[in-house]
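Tertiary structure, described
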Amino acid sequence: MNGMPPSSPPLLQVEGLCKDYPAGASLLGARAVLRAVDGVSFTLARGETLGLVGESGSGKSTVARCVMQLERPTGGRVLLNGRDLVGMSQSALRPLRKVMQIIFQDPYSSLNPRMTVGRFVADPIMIHEGKIPREALMQRVRALFAKVGLDARHLGRYPHEFSGGQRQRVCIARALAMSPQLIVADEPITALDVSIQAQIINLLQQLQDEQGLAYLFISHDLGMVRHICHRVAVMLRGLIVETGPAEAIFHDARHPYTQALLSATLEADPARERSKARLFFDAAQLDGRASGFMKEVTPGHFVREYGHAR
Ligand SMILES: Nc1ncnc2c1ncn2[C@@H]1O[C@H](COP(=O)(O)OP(=O)(O)OP(=O)(O)O)[C@@H](O)[C@H]1O
Ligand SMILES: [Mg+2]
């Protein structure tokens, strides 16, 4: 439109992402491959949370690693603020890594047992900013500790001296060190006690409100996904089978797999829980069928259909 500024690209735009892994023995010289991610596309806006759900092995973590370029995709594009990361050299990626960070399920294995947590949080600052005066660095680390609700007097301690929830806070503090715009959270609360889960979720939401962070939130906990995600994408066998606003997914699921996934989650109301029908979805029914196409059923709500694309 005349006089309008060009709209800025979404924070993250993933287009046709594919990832193959070698699988099994080679047959007649041809290497068998497993297509763990098969043409996944989605966008994520600034300040938005997209939930990525689906059965174990459906490719969620592979999407996370490929978005972060911790693993190189076999195909497709990953555009961060409009710039394609796929095929970029490590040195070109380095400054962009400040913008996106990842946190994992098991905070203990993310931490270095021989490094104090203060040093762990300071590490990315030293990597990206080189030598900075010690007192200025300490001040930054203390501020990060405060932001995630950790006692800055404990920054000289080692990971084993913290609880699971505190360790995840340390990982979040490190992720925040470079003021990212995107945090990929791969089951960040799965390993934690239920009460601690709520605390970590509250922290993530508070950080989103304060800093406009966007989250790609991978979880098996549909209740939590419903609680915090603006939009949801459901994965099955490397494909997104349904995606849309959280409201649409939870109240108007159309794909039989999404319906089965939702029917397996506990209702808060025991009476409703007892009367609810369990739905089952046998993925084998898709064996040998074409992967279909995504059809928009209501605005922004897409469902995979297996008929003929027009
Ligand atoms: N490094 C690898 N080498 C070979 N195959 C892999 C590798 N990483 C993942 N896979 C395979 O890719 C598929 C997708 O795995 P992925 O870890 O992405 O699933 P997921 O959806 O995160 O599952 P979960 O919910 O259990 O974490 C699986 O079949 C898995 O075995
Ligand atoms: Mg996973």
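Conventions we followed
- Residues numbered from 1 in each chain as written.
- Chains lettered and ligands numbered in written order.
- Predicted model: local features only at pLDDT ≥ 70, side-chain atom pairs only at ≥ 80, totals over all residues.
- Heavy atoms only, no water.
- Helix = DSSP H or I, 4+ residues; strand = E, 2+ residues; numbered from the N terminus.
- Rg over C-alpha atoms; globule rule 2.2 N^0.38 Å.
- Buried < 20%, exposed > 50% of the residue type's maximum accessible area, 1.4 Å probe, protein only.
- Contact = heavy atoms within 4.5 Å.
- Lys, Arg positive; Asp, Glu negative; His and termini not counted.
- Charge placed at Lys NZ, Arg CZ, Asp CG, Glu CD.
- Core = buried A, V, L, I, M, F, W, Y, C linked by side-chain atoms within 4.5 Å.
- Near = heavy atom within 4 Å.
- Polar contact = N/O pair within 3.5 Å; in protein donor to acceptor, adjacent residues only side chain to side chain.
- Areas by Shrake-Rupley, 256 points an atom, 1.4 Å probe, with all protein chains shown as cover.
- Expected span 1.5 Å × (residues − 1).
- Bend = angle between axes of the 7 residues up to and from the residue.
- Phe/Tyr/Trp six-rings, centres within 6.5 Å; stacked < 30°, edge-to-face > 60°.
- Lys NZ or Arg CZ within 6 Å of the ring centre and 35° of its normal.
- Pairing = 2+ DSSP bridges.
- Axes fitted to C-alpha atoms, helices over the stretch in contact; angles between N-to-C directions.

1. A few points about the overall build of the protein
Summing up its helical and strand segments, the protein has eleven helices and twelve strands in all. Rg of the C-alpha trace for the protein: 21 Å, near the compact-globule value of 19 Å for 310 residues, within the 12% margin. Based on the C-alpha atoms only, the size of the protein along its principal axes is roughly 65 × 60 × 50 Å. With 310 residues in all, the protein has 44% of them scored as buried. For the protein, restricting intrachain contacts to residue pairs at least 6 apart in sequence, the fraction spanning at least 24 positions comes to 64%. On the protein, the mean spot of the 36 positive side-chain charges and the mean spot of the 29 negative ones are 7 Å from each other.

2. Regarding the nonpolar core
In this structure, Ile103, Ile172, Leu176, Phe217, Val232 and Phe250 are the most contacted members of the largest nonpolar core, which totals 57 residues. Ranked by residue count, the leading element in this core is helix H6 (residues 164-176), at six residues. The residues touching Val232, leaving out its near neighbours within four places in the chain, are Leu50, Gly51, Val53, Val225, Glu242, Thr243, Gly244, Ala246, Ile249 and Phe250.

3. Observations concerning the side chain of Asp123
Along the chain, the position of Asp123 falls in helix H4 (residues 117-129). When near neighbours in sequence (up to four residues on either side) are disregarded, Asp123 contacts Met115 and Arg174.

4. Some points on the site of ligand 1
Neighbouring ligand 1 are 14 residues, the closest being Ser56, Gly57, Lys60, Ser61 and Thr62. At 2.4 Å, a side-chain N or O of Ser56 approaches an oxygen atom of ligand 1. Surface burial for ligand 1 is 63%, taken as the share of its 640 Å² of free accessible area covered by protein chains. Of all the secondary-structure elements, those providing two or more residues to the shell around ligand 1 are strand E2 (33-44) and helix H1 (60-68). Per element, the largest residue contribution to the shell around ligand 1 is four residues, and it comes from H1.

5. Examining H4
Relative to the 18 Å expected for 13 residues at 1.5 Å per residue, H4 spans 19 Å between its end C-alpha atoms, a close match to the ideal helical length. Considering bend angle alone, the principal kink of H4 is centred on Asp123 and spans about 35 degrees; proline Pro124 follows within four residues of it. Among the residues making up H4, those that are buried are Val117, Gly118, Phe120, Val121, Ala122, Asp123, Pro124 and Ile125. Taken together, the buried residues of H4 touch helix H3 (107-110), helix H5 (134-147) and H6. A positive phi of about 70 degrees marks Gly130, the residue just after H4.

6. A look at the packing of aromatic side chains
Counting across every chain of the model gives one aromatic pair. A cation over an aromatic ring shows up here: Arg174 above the ring of Phe120, its NZ or CZ 4.3 Å from the ring centre.

7. So, unusual backbone geometry
One non-glycine residue with positive phi stands out, namely Ser179, at about 50 degrees. For Ser179, a relative accessible area of 55% puts it in the exposed group. Unusually for a residue other than glycine, Glu187 sits at a positive phi of about 50 degrees. On the secondary structure map, Glu187 appears in the loop between strand E7 (182-186) and helix H7 (194-211).

8. Structural notes on the sheet that holds strand E9 (residues 231-236)
Spatially, the eight strands line up as an open sheet ordered E6-E7-E8-E3-E9-E10-E12-E11, and their pairing is mixed. This sheet does not close on itself; its edge strands, each paired only once, are strand E6 (100-103) and strand E11 (293-298). For this sheet the average axis-to-axis angle between neighbouring strands, irrespective of direction, equals 20 degrees. Here E6 pairs with E7 via four bridges, running parallel. Looking at E7, one finds that Ile102 is bridged to Val184. Along the sheet, H6 contacts E6 and E7; its crossing angle with E6, the most-contacted strand, is approximately 170 degrees.

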